[in-house]
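An overview of the molecular structure
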Amino acid sequence: MSYVGVGPSAVMRSVAFLTAGVLAVPALAGCSSEDPAGKPLAEQDIASAARAQVSDGGTLRWAVDSVPDTLNTFQSDADATTTRVAQAVLPSMYRMDETGRPVRDPDYLESAEVVETEPKQVVVYKLNQQAVWSDGREIGAADFAAQWRALSGKDSAYWTARNAGYDRIEKIERGAGDLEVKVTFSRPYADWKSLFTPLYPKSVTGTPDAFNDGARRKLKITAGPFALEKVDTEDDEIVLAQNPRWWGDPPKLDKIVLRAVPRDKRVSELVAGKLDLAEIDPDTAEQVALAAGPRDAGTGTPLMGPEGTPAAGSGGSPFQGPQGTSAARALRSWAIANGSDEEAADEEILAREKRREAREKFDRRQKALSGFEVRKSLEPAYTQLALNGADGPLADERVRRAVARALDREKLAEAVLKPLGLPAEPVGSHLALSGQAAYADGSGALGDQNAKEARALLADAGWVPGGPVKESEDGEKAAGAEKSEDGEDEKSEGGDEGTYIVGEDDKDTDDKNPDDKNTDGEEEGEKEAEEQDGEDEKGEGEEDERSSGKNTAQGGVPGAYAPKGTAAPAGSAVAPLAKDGKALTLSFVLPSGPGSDALRTVADRVSDMLEEIGIGTEITKVPDESYFKDHIASGEYDLALYSWPASAFPATDARPIYAKPVPAADGSLNVAQNYTRVGTDQVDQLFDQAVATLDQEKARDLLRKADSRIWAAAGSIPLYQRPQLMAARKNLANAGAFGFETPVHEDMGFLKKGAQGSRPSASPSS
């Protein structure tokens, strides 16, 4: 889905605890025989099929967000498409399984083990003897050594984005034979399995020039089931073709074409038959599911329900009765068209022609979409509520904890996941997701939702109900983070007219339209069809009513995030809190672009929950392109929603996200990736201990303790695992919503006639 999040390049390899004695961290793993990691909440949905059921040949057209600026995953401008290409064309020593845990990739690695721990850690890799680069050279120690030197951080001529793990290597040498690689570490490194995935040939990593520029737009030498054929910047696509030197199971597909298609244009590309696989938003998923519904076996027409309407999931027209109208309306239309009033007759004939054209267009669209199905799972990433603890009210940990204790995380998860038929369970860890080895629910360190205790925390921090409020010169009452001087983001683009403070109902109501009326019957059906048909012609940045952010269709409470002048519901008002003449109002920054509907829904619910304890929120929508850089990374927010990908190596990857910010040489604050600015020495120490502990069970316990302390600080509140919705051609096998697992590109393909892929059973919440 199109959620604002931090991409894999920002986190893959790349807080605080209360005053001692105030908070006791709950007991963690080791006290129960039951594994707290549990199982993944949702199965992957890829229409899995045996290779014998998959045809040889064909091209898979797969939508991606962009053609990347670089094909080097270790550079700062690498993105998700960079990773996708690397997974198909480069070696990986370890890949992720369906539970999000690293497993050896036997196509490249016969074995890897720690053979010594004293005086230093030594790992010996035994490579697959058939593994060769596309130029025929064996994969070996020279490639490992060149990548280590490039990423060690010792040579600043290499433009690298991260060196975690590689900076702990002391030397790399050839082992007992050509197929052995011996890696000696200067310091113990628990996450050694994260290294050399992907592995680039020494021709890319051997010199700074080759590393910096040689792999940005081309990869001449590869070693995966596919090779890079071309990067076409004019057509915005990357073409991968079979690698003739591949030694493993031969790819079923001839080619994979990664096409850059904006999220809001993907449904039109599906209809046009230009895509076979695409990640989609909930609105598009609903359209695909409707079109893919049951049809009459003989005629192919949608099965009809009562009163001439299409059966649920039948893919039929939204119009009622034969040809889309009820009998009564059809008779009335005929009477007008053939009546004595020539002007009315002409208008009715024109209207009937428009309806006929709309129906035909709708039917063509549905027929095209009927060849697809929605495959859904949960993405290996979670959405969090970030609380900026740098300054303002949220610099006080009591206020942060009060905000966290006001939230019903289960209801927030249900608001996003339940309508999609996915398990709606809140995430219990900052460092892993359910099913991963390091996962354990550490939210008990913060406590469950409790409005009474939240109010008590606020009172203890000096925020009292109904306190006097002094208006500043510009009339600002909020006590949150300051806005930029130019006020550029105060008005949102394309809807909701910028900011709205929950429950403030003394604003101008001139923009309300008292003449707005709902259409019904034939007109409503026509409107629905035209809305679906017209999506292809919408300009970028436009939003229809369903994505306007208004709190209506998704069950929100009027007054939470509504048009100016909408009153808060009766009986829900709580006296606002104030301190030192300032109201407790927090700035809540959200992205405004297409695909952010779910975030706005969650923000509405969060605002409602905070209002219950007397905290006001001022919601500001900003352009997607400036959301992260100008607001999250720069700290211009109090509350924000964004996502982090899950990692199989949290001791390495999560540390920069939760590490205590430190002053830089120029006097600024170096926050790394800790955009909440909340962290402590204790959390840092637990990460450092975990990454240096080779006993996996002890390392997991240390990580779980760190997570409990992160919960206690309430700098970020994990909410829900992100949904993953994929539109896939029905005969496409072994591709779709992959969940945790790394795709197996050589098994993807189109099913033979009569063959069927295996789909997961319905989830409990569906």
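Since the structure is predicted, the reported quantities are computational estimates derived from the model, not experimental observations.

**Observations regarding the overall build of the protein**
A count of helical and extended segments in the protein gives 19 helices and 24 strands. Scored against the burial criterion, the 766 residues of the protein give a buried share of 53%. Put simply, the protein shows about 33500 Å² of open surface, and 47% of that area lies on carbon and sulfur atoms.

**With respect to the environment of Arg605**
Mapped onto the elements of the fold, Arg605 is located in helix α14 (residues 597-611). Judged by its relative accessible area of 18%, Arg605 falls in the buried class. Here the alpha-carbon distance between Arg605 and Ala415, two residues 190 residues apart in the chain, equals 8.6 Å.

**Overview of the nonpolar core**
The biggest cluster of nonpolar side chains holds 102 residues, and the ones touching the most others in it are Met93, Tyr125, Phe196 and Leu240. With six residues, the single largest contributor to this core is helix α3 (residues 141-151). Counting residues in hydrophobic clusters, the runner-up holds 61 residues, among them Ala413, Leu417, Leu639 and Ala727.

**Topic: the sheet that holds strand β15 (residues 577-579)**
The strand order across the open sheet formed by three strands is β13-β15-β16, and the pairing between neighbours is antiparallel. This sheet does not close on itself; its edge strands, each paired only once, are β13 (464-465) and β16 (582-583). Relative to β16, β15 runs antiparallel, the two sharing two bridges. Note on β16: the bridge partner recorded for Lys579 is Lys582.

**Some details on empty space enclosed by the protein**
Put simply, the largest cavity is a space of about 90 Å³. His430, Leu431, Pro645, Ala646 and Ser647 are the residues nearest the centre of the largest cavity, which is lined by 13 residues in total. Breaking the lining of the largest cavity down by element, the ones donating at least two residues are β19 (639-645) and α17 (655-658). Its volume calculated, the second largest cavity comes out at about 80 Å³. Taken together, Gln87, Leu90, Ser92, Arg95, Asp105, Asp107, Tyr108, Pro225, Trp246, Pro743, His745 and Glu746 form the lining of the second largest cavity. For the lining of the second largest cavity, the residue count by class is five nonpolar, three polar and four charged.

**A closer look at the packing of aromatic side chains**
One pass over the structure, following the stated rule, counts 19 aromatic pairs. Considering the side-chain rings of Phe74 and Tyr166, the 6.3 Å spacing of their centres and the 90 degrees angle between planes classify their relative orientation as edge-to-face. Note that Phe74 is positioned in the loop between β1 (59-64) and α2 (80-89) and Tyr166 in the loop between α3 and β6 (169-174), a separation of 92 residues in sequence. The pair Phe74 / Tyr166 is uniform in exposure class, with both members buried. Pairing Tyr108 with Trp247 gives two aromatic rings, centres 5.6 Å apart and planes at 85 degrees, and the pair type is edge-to-face. With a gap of 139 residues between them, Tyr108 in the loop between β3 (102-104) and β4 (109-116) and Trp247 in the loop between β9 (237-242) and β10 (255-260) connect regions that are remote in the sequence.

**Some details on the confidence of the model for the protein**
Averaged over every residue, the pLDDT of the protein is 82; the share at 70 or more is 77%. Low pLDDT, under 50, characterises residues 295-324; the predicted model gives this stretch 63 contacts beyond four residues in sequence or across chains. This stretch, residues 478-572, has a pLDDT under 50; its non-local contacts, to residues over four places away or in other chains, come to 172 contacts.

Rules used in this analysis
Residues numbered from 1 in each chain as written. Predicted model: local features only at pLDDT ≥ 70, side-chain atom pairs only at ≥ 80, totals over all residues. Heavy atoms only, no water. Helix = DSSP H or I, 4+ residues; strand = E, 2+ residues; numbered from the N terminus. Buried < 20%, exposed > 50% of the residue type's maximum accessible area, 1.4 Å probe, protein only. Areas by Shrake-Rupley, 256 points an atom, 1.4 Å probe, with all protein chains shown as cover. Core = buried A, V, L, I, M, F, W, Y, C linked by side-chain atoms within 4.5 Å. Pairing = 2+ DSSP bridges. 1 Å grid on protein atoms, 1.4 Å probe; cavity = no way out; pocket = protein on both sides within 12 Å on 5 of 7 lines; lining within 4 Å. Points joined across faces, edges and corners; volume = space filled by probe spheres on them. Nonpolar A, V, L, I, M, F, W, Y, C, P; charged D, E, K, R; others polar. Phe/Tyr/Trp six-rings, centres within 6.5 Å; stacked < 30°, edge-to-face > 60°. pLDDT = per-residue confidence, 0-100. Contact = heavy atoms within 4.5 Å.

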